[in-house]
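A structural walkthrough
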Amino acid sequence: MREVQGNILRAYGDRYRAVRHLVLTVDDRFAARRALGLMVDGDRSTPDVTSGDRPPKEAGYQWCLNVGFTFAGLAAFGVPAASLDTFPPEFRDGMAARASRLGDVGDSAPAGWVGGLAETRRVHLVVTIHGWTRSDVDGVAEEVMAAAGGRAFSRLSDETFDGEVLYDPVTRRRLVHFGYADGISQPRFVDVHDPSASPDQLPMAPVGVVLLGYPSAIPHVSWNVPQPKVLGHNGTFNAFRVLGQDVAGFEGFLAAVEAKHGLDRELTAAKLCGRWRSGVPLSLAPTAAQAEAFRDDVHLNDFDYVDGDPDGVICPIGAHIRRTNPRGAHIVQRSSNRSRSLIRRGIPYGPRWDPGDAATRDTPRGLLGNFLCASLAAQFEAMQYDWINLGFQDPRITGTNDPLLGANDPATSSFTWPRQGADPLVLRGFKRFVVTRGGAYTFLPSLPAMRWIAAQTE
Ligand code: HEM
């Protein structure tokens with residue numbers, strides 16, 4: 001996998017705590033191609049793109065670099081029209097044009113997006129730098145901008161897309177701003193991951209879940225590889241999302257449920273997500289006491305809903321992780337159970353939420369998310385459209401949205417909490433806790449593909 005960009009099949013790892021996404025527009029095509037060439041085969045005066053063959057820390061690097069091209073970006077680099085035409089329609093449209101199916105409406109609509117991200121034709125590159133420290137990232141960002149005499153590209157706006165890993169001080173697990181542990185469940189790839197290292201009742205996934213040019217997870221279906229082959233093969237698509245989180249609103253909702261129904265807020269938080277905030281799944285630890293006693297980090301994904309919990313009495317069918325990965329459950333899109341899976345590489349932005357700290361209470365915070373897959377339409381969009389929002393996968397949740405991040409409206413929102421031997425509890429009136437502040441569809445080409453792009457002459 002030397003030819004594939006890093007952080008796709010394997011994560012860079014916890015050492016890389018700081019991230020910056022540079023959203024760039026190409027100013028000078030010739031300089032941009034020179035800069036790209038230097039990033040792939042340079043003399044190290046320009047930072048080089050990280051390949052997926054070995055963890056960068058083994059190479060002694062304190063930073064890693066990824067380059068994602070939008071459709072407009074490929075055109076700006078001079079990729080010929082005959083080749084551009086072979087990319088899938090959702091990528092050609094760009095994320096902003098797909099807003100209605102992504103639930104990016106109202107406050108999340110592209111009209112309110114930050115950093116110029118709604119200007120689809122001007123967003124050309126998302127260059128992502130991970131570093132051990134913020135100053136590692138700053139240094140590499142400066143070098144990227146200075147590449148090829150500094151004339152290649154410029155930033156679209158002053159908006160910085162800087163994130164920092166948040167850790168739970170006790171468990172040392174990575175957190176998202178609502179206080180949940182993250183980065184637990186990901187597809188494990190055949191010939192890449194050791195299945196015994198993280199037992200999971202889901203089968204190992206083919207690399208075609210995320211890389212172009214290989215069999216996909218759907219029998220007999222392979223995604224079209226953009227042409228020429230050198231450009232498309234070993235590439236992957238990415239949905240870059242800037243997702244603002246209303247932590248005060250979320251905590252307020254947990255408190256309101258406690259006040260009205262006498263339910264412990266940690267239990268409500270677990271029911272909304274499908275995992276306790278510690279990361280322990282409800283399916284393996286249905287009660288708070290069991291979750292507290294659960295000390296087994298290796299088996300956090302070793303469960304299924306199909307036999308033990310078909311009706312969602314333990315993990316509600318509408319909970320975030322059950323919606324986004326129904327595992328073996330009998331869902332409407334039965335053939336899709338695993339075909340929508342994707343790789344998530346998100347890092348939070350903004351200060352840790354502390355209700356007692358007036359100085360940071362209202363500072364924007366959220367997730368800089370990357371959702372990597374071989375088909376944006378069949379994986380990312382399908383998950384976002386009819387599983388996260390709408391709940392088409394099970395008639396018992398159809399018409400409801402994901403309680404953590406769906407496009408909810410207090411007038412219509414509802415979350416069904418099935419209970420053993422009692423009527424289900426239906427929680428209503430909650431707002432949208434996650435707002436889209438921007439995003440872009442990018443293509444992360446292989447290293448040979450970037451050489452090919454850099455060698456274009458148009
Ligand atoms: C700010 C927004 C989001 C938050 C706070 C959030 C939070 C979480 C948390 C806490 C988990 C459980 C930890 C884990 O399994 O690693 C999780 C899992 C997951 N999330 Fe999200 N998420 C967000 C956005 C999204 C989006 C936009 C998607 C898809 C389009 C998504 C798809 C998934 C998937 C596929 C899983 C793994 C489910 C499993 O395999 O069990 N998430 N998320």
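What comes next concerns the included structure. (Residues numbered from 1 in each chain as written. Predicted model: local features only at pLDDT ≥ 70, side-chain atom pairs only at ≥ 80, totals over all residues.)

**Details of the nonpolar core**
Counting residues in hydrophobic clusters, the biggest one holds 130 residues, and the most contacted among them are Val210 and Cys373. Element by element, the count of residues in this core is highest for helix α12 (residues 376–388), at seven residues. Discounting residues that sit within four places of it in the chain, Cys373 has contacts with Val209, Val210, Phe237, Leu342, Gln379 and Phe380. (Core = buried A, V, L, I, M, F, W, Y, C linked by C-beta atoms within 7 Å. Buried ≥ 20, exposed ≤ 12 C-beta atoms within 10 Å, placed from the backbone. Helix = DSSP H or I, 4+ residues; strand = E, 2+ residues; numbered from the N terminus. Contact = placed C-beta atoms within 7 Å.)

**Things to note about the packing of helix α1 (residues 29–41) against helix α13 (residues 447–454)**
Interaxial distance between α1 and α13 falls to 8 Å at its minimum, and their mutual angle equals 150°. Of the possible angle classes, the one that applies to α1 and α13 is roughly antiparallel. In the crossing of α1 with α13, the sense of the turn from one axis to the other is left-handed. Here Arg33, Leu36, Gly37, Val40 and Asp41 of α1 come into contact with α13, specifically with Leu447, Met450, Arg451, Ile453 and Ala454. Of the residues contributing to the contact of α1 with α13, the split by class is six nonpolar, one polar and three charged. (Axes fitted to C-alpha atoms, helices over the stretch in contact; angles between N-to-C directions. Parallel < 35°, antiparallel > 145°, perpendicular 65-115°, else oblique. Left-handed = near helix turned anticlockwise from the far one by under 90°. Nonpolar A, V, L, I, M, F, W, Y, C, P; charged D, E, K, R; others polar.)

**So, the site of the ligand**
Close to the ligand lie 26 residues; Tyr180, Ile184, Ser185, Thr324 and Asn325 are nearest. When contributions to the shell around the ligand are tallied by element, the ones reaching two or more residues are β8 (236–245), α11 (320–324), β11 (366–373) and α12. For the shell around the ligand, the element with the most residues is α12, which contributes four residues. Taken together, the residues of the shell around the ligand sort by class into 15 nonpolar, eight polar and three charged. (Near = placed C-beta within 6 Å.)

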